[in-house]
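An overview of the molecular structure
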Amino acid sequence: MVGAEGHLKGIIPNTFAHVFDSISANAKDKRFLLRCSYLEIYNECINDLLDYVPDKRLELKEDPQKGIYVKGLSSVIVRSVENIEQTMARGASNRHTAETNMNKDSSRSHCIFTIYIETSEKKKDGNELLKAGKLNLVDLAGSERQAKTQAEGMRLKEAAKINLSLSALGNVISALVDGKSNHIPYRDSKLTRLLQDSLGGNTKTLMIACISPANYNYDETLSTLRYASRAKNIQNKPRINEDPKDALLRKYEEEIRSLKEMLEKLRKGEVQENEIEQLEIARQSIDSDSNIIEQFKEPNNNAKPKKQKGKERDRVEEELEERNREYMAEKGQREQLEEMLKLCEQKLLCGGDEFKEKQQEQNKKYNELKKRLSKQEKKEIELIEEHYQMEEEIEMVEAECKTAQERIKAKDKIIESIEYKSLEAEYEIKDIQGEHQEEKERLLDTIRYQSQEIDFYKKLIGMVIPDKELAKVRDRTRWDEVSDAWVVPPFIAQHGRVKLPASSKAHGLV
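Throughout this description, residue numbers start from 1 for each chain and increase along the sequence as written. With the structure being a predicted model, the display of local features is reserved for residues of pLDDT at least 70 and the display and counting of side-chain atom pairs for 80 or more, all residues being used for whole-chain, interface and lining totals. Computation of side-chain values: all heavy atoms of the structure, hydrogens and water removed.

Next up on the list: the packing of helix H4 (residues 154–178) against helix H7 (residues 218–232). Where helices are involved, their axes are fitted lines through C-alpha atoms of the stretch in contact, as for all axes, and angles between N-to-C directions lie from 0 to 180°. Counting from the N terminus, the helices are the DSSP runs of H or I reaching at least four residues and the strands are the DSSP runs of E reaching at least two. H7 packs onto H4 with a crossing angle of 40° between their chain directions and a minimal axis gap of 9 Å. The angle between H4 and H7 places the two elements in the oblique class. The two elements H4 and H7 meet at a crossing, and its hand is left-handed. Along the contact surface, H4 presents Leu-166, Leu-169, Gly-170, Ile-173, Ser-174 and Val-177, while H7 presents Tyr-227, Arg-230 and Ala-231. Residues are grouped as follows: Ala, Val, Leu, Ile, Met, Phe, Trp, Tyr, Cys and Pro are nonpolar; Asp, Glu, Lys and Arg are charged; all remaining types, including Gly, are polar. Looking at the contact of H4 with H7 residue by residue, the classes come out as six nonpolar, two polar and one charged. For classification, angles of less than 35 degrees are called roughly parallel, those exceeding 145 degrees roughly antiparallel, those between 65 and 115 degrees roughly perpendicular, and all remaining angles oblique. We call a crossing left-handed when the near helix sits turned anticlockwise from the far one by less than a right angle, and right-handed when that turn is clockwise. Note on definitions: a residue-residue contact is assigned when non-hydrogen atoms from the two residues lie within 4.5 Å.

Residues enter a nonpolar core if they are buried and are Ala, Val, Leu, Ile, Met, Phe, Trp, Tyr or Cys, with the set joined through side-chain atoms within 4.5 Å. Each residue's exposure class comes from its accessible area (1.4 Å probe, protein chains only) as a fraction of the maximum for that residue type: buried when under 20%, exposed when over 50%, partly exposed otherwise. If you look at the biggest cluster of nonpolar residues, it comprises 20 residues, and the most contacted ones within it are Leu-39, Ile-46, Val-70, Leu-169, Ile-173, Leu-194 and Leu-199. If you tally residues by element for this core, the top one is H4, at five residues. Residues contacting Leu-194, with those up to four places away along its chain left out, are Leu-39, Ile-41, Ile-46, Leu-60, Val-70 and Ile-112. One finds Tyr-38, Val-78, Ile-84 and Phe-113 within the second-largest nonpolar core, a separate group that totals 19 residues.

Here we take up a negative patch on the surface. Here a patch means residues that are over 30% exposed by relative accessible area and free of salt bridges, tied together within 9 Å if like-charged and within 5 Å if nonpolar (Val, Leu, Ile, Met, Phe, Trp, Tyr). Only the protein chains shown count as covering a residue, and every accessible area follows the Shrake-Rupley method with a 1.4 Å probe. When a carboxyl oxygen of Asp or Glu lies within 4 Å of a side-chain nitrogen of Lys or Arg, that pair is called a salt bridge. A residue counts as positive if it is Lys or Arg and as negative if it is Asp or Glu; His and the chain ends are not included. The atom standing in for a charge is NZ when the residue is Lys, CZ when it is Arg, CG when it is Asp and CD when it is Glu. A cluster of acidic side chains, namely Glu-382, Glu-385, Glu-386, Glu-424, Glu-428, Asp-431, Glu-435, Glu-438 and Glu-441, defines a negative patch on the protein surface. With six residues, the top contributor of residues to the negative patch is helix H12 (residues 404–464). Following the sequence through the fold, Asp-431 ends up in helix H12.

Right, let's get into a nonpolar patch on the surface. The grouping of Phe-456, Tyr-457, Leu-460, Ile-461, Met-463 and Val-464 at the surface amounts to a nonpolar patch, some 590 Å² of accessible area in total. Positionally, Val-464 belongs in helix H12. Looking at Val-464, the relative accessible area reads 47%, which means it is partly exposed.

Moving on, we get to the side chain of Ser-198. Locating Ser-198 in the fold gives a position in helix H6 (residues 196–200). Looking at Ser-198, its side chain comes within polar contact range of the side chain of Asn-136, at 2.9 Å. In contact with Ser-198, not counting residues within four places along its chain, are Asn-136, Thr-203, Thr-205 and Asn-236. Polar contact criterion, stated in full: a pair of N or O atoms within 3.5 Å, where within protein one must be able to donate a hydrogen and the other to accept it, and residues adjacent in sequence count only if both atoms are side-chain atoms.

Quick look at a positive patch on the surface now. Together, Lys-371, Lys-375, Lys-378 and Lys-379 give the surface a local cluster of positive charge. The residue Lys-371 is located in helix H11 (residues 353–400) in this model.

It is worth spelling out the packing of aromatic side chains at this point. Note on aromatic contacts: the rings of Phe and Tyr and the six-membered ring of Trp form a pair at centre separations within 6.5 Å, being stacked when their planes are under 30 degrees apart, edge-to-face when over 60 apart, and tilted otherwise. Under the definition given, this model contains four aromatic pairs. Ring centres of Tyr-38 and Phe-113 lie 5.1 Å apart, and the angle between their planes is 90°; on these two criteria the pair is classed as edge-to-face. Here Tyr-38, found in strand S1 (residues 31–42), pairs with Phe-113, found in strand S8 (residues 110–122); they are 75 residues apart in sequence, far enough to count as distant. Residue classification places Tyr-38 among the buried positions, given a relative accessible area of 6%. Ring centres of Trp-479 and Trp-486 lie 5.2 Å apart, and the angle between their planes is 75°; on these two criteria the pair is classed as edge-to-face.

Let us now look at H7. By this rule, a helix spans an expected 1.5 Å times one less than how many residues it contains. Compared with the 21 Å implied by 1.5 Å per residue over 15 residues, the 21 Å span of H7 between its first and last C-alpha is a close match. Taken as a whole, H7 has its buried residues at Glu-220, Thr-221, Tyr-227, Ala-228 and Ala-231. Considered in projection along H7, the buried side chains sweep an arc of 125° and stay on one side of the axis. Within H7, the exposed residues directed more than 90 degrees away from the buried face are Tyr-218 and Arg-226. Working note: the arc is built from the helix axis to C-beta atom directions.

With that settled, consider the packing of helix H1 (residues 11–24) against helix H2 (residues 81–92). For the pair H1 and H2, the least separation of the axes is 9 Å and the interaxial angle reads 145°. Here the hand of the crossing between H1 and H2 comes out right-handed. Contacts from Ile-12, Pro-13, Phe-16, Ala-17 and Phe-20 of H1 reach H2 at Val-81, Ile-84, Glu-85 and Met-88. The residue inventory of the contact of H1 with H2, partitioned by class, reads eight nonpolar, no polar and one charged.

In low-pLDDT segments, the atomic positions of the prediction should not be examined closely. Confidence in the prediction of the protein chain, expressed as mean pLDDT, is 76, and 72% of residues score 70 or more. Each residue carries a pLDDT score, the predictor's own confidence in it, on a scale running from 0 to 100. Put simply, helix H9 (residues 273–296) is where the protein chain has its lowest mean pLDDT, 48, and strand S2 (residues 45–48) is where it has its highest, 92. Across residues 289–304 the pLDDT falls below 50, and counting only partners more than four positions away or on other chains, this stretch makes seven contacts in the model. For residues 504–510, every residue scores under 50 in pLDDT, and the model assigns this stretch 15 contacts once sequence neighbours within four places are set aside.

Another aspect to go through is the environment of Phe-491. Note on placement: Phe-491 falls in the loop between strand S13 (485–487) and strand S14 (492–494). For the pair Phe-491 and Val-473, spaced 18 residues apart in sequence, the C-alpha to C-alpha distance is 7.9 Å. If near-sequence neighbours (up to four positions away) are discounted, Phe-491 is found in contact with Ile-465, Val-473, Val-498, Lys-499 and Leu-500.

Moving on to the pairing of strand S9 (residues 128–139). Where a strand is regular, its side chains alternate between the two sheet faces. DSSP bridges decide pairing: two strands pair if at least two such bridges lie between them. Here twelve bridges tie S8 to S9, and the two strands are oriented antiparallel to one another. Its bridge partner being in S9, Lys-122 is matched across the sheet by Glu-128. Connecting the antiparallel pair S8 and S9 is a turn made up of five residues, with Gly-126 showing a positive phi of about 90°.

So, on to unusual backbone geometry. Even without glycine at this site, Glu-44 takes up a positive phi of about 65°. In this structure, Asp-484 is a non-glycine residue whose phi angle is positive, near 55°. Within the element layout of this structure, Asp-484 appears in the loop between strand S12 (478–480) and S13.

On the secondary structure map, Thr-192 appears in helix H5 (residues 190–194). By relative accessible area, Thr-192 is classed as buried at 0%. Filtering out sequence-adjacent residues up to four positions away, Thr-192 remains in contact with Ala-168, Leu-169, Val-172, Pro-185 and Tyr-186.

Inspection of the entire model under this criterion finds 14 salt bridges. Here Glu-82 ties to Arg-448 by a salt bridge, and the two come within 2.7 Å at their closest N and O atoms. Here Arg-448 lies in helix H12 and Glu-82 lies in helix H2, a separation of 366 residues in the sequence. Of the charged contacts, one joins Arg-108 and Glu-158 as a salt bridge, the two residues approaching to 2.8 Å between their closest N and O atoms. Here the residue Arg-108 occupies a position in the loop between strand S7 (106–107) and S8, and Glu-158 occupies one in helix H4, the gap between them amounting to 50 residues. A residue is classified by how much of its surface remains accessible, and Glu-158, at 1% relative accessible area, is buried. Among the charged side chains, a salt-bridge network with shared partners connects Glu-62, Arg-187 and Arg-193.

The structure is reproduced here in structure tokens:
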């Protein structure tokens, strides 16, 4: 299901890539929220693999709105294929596995990795339309026979629980396919209870069976194929989930809208900086007048003006200090709201060309790496072919030898030569594989670093210069073929606006 790197990727990584490709193909005004959860059913106990605590057991609940759900199950918001793959790898490291006579890394639990997708778009009438869906990727532990696995103690208890839940799942599938049963035994197992929506609800169901071609496993292979054949006959009629009441996307959008309204109110009622400057000028003016009075005052006539000026100065200073406190409080509150707004908006994805360009750039680098891998594979194939040719030469030399002694001597020489060449070929293959691995890691590090740098500078520029003002600078920017660099005109960014030189021939900054 997971597969290997490159073109040998499995169904799950390709599923992740398909989800994000679909997002990039949508319009810019369509918003997406993706989150995922990962759980296992071990000995009929539910564990959260993304927030794993050994002794913590989660409970199954039922809600008229949500349906069947796991209380306290954690979910992680993801924004890229890399995020979701890292999340799945983190959860898989907490899964229960053990060694048996049939499998070195045998799964001792059933696992369900769920991707929740919510979308928001404007309808023609201006109202907002929310849609929600989820993708359950279920990894069932295989049924076991104690005679073959030689399981004992805890392994035997785990096998009994696995077989019991698989038997309950088979009974549910048979009841759904039969169509005559009035009761579907979903409650016989936690696995069937969790998969109630996936089997007989508002979903499409697909089962992939893992079988063995060996005669030794004939009975298990036949049983598995019959099991999958019954699941194939399940008939569901899924419909689009519109305007779900428990949509997390709606909560985020309402929070974003509320934060924007609060920011707008603050901007309308905030203390302006120029008011504080005017009060500061008034205070300085009063101090200046007081100094003039001190210089030209009459001996008997100076007490009253000095007292009046002192009161006026104290009043202005108090007002200045009060306004300054109000301004700093509003500024701090505004910055806090802007930070909260930024965090909320980062959790949502938007379709469109910008997201698509990032994906295309990553795909381009991936294709380049893929070409290099194919070249390395060709070299390995050539080495293997040379090895086969050498073996054929050995056979021909042996046929030409007339006496047993000649054959022995010729064979010894050829074997030594072949061993030497084979050893050289093995070293060369190891060197090639090592270089390929280093190159691959270096390219992946470069891709991550460049993606982070691009995202950082975009956010940094967006915080300093609005897109409209940035377009002015871009229009005056040109590419210099001689210096092989962009020539940017000098500009001044102040209060969200850009000032450019009047002359178009002004020297730029490289």
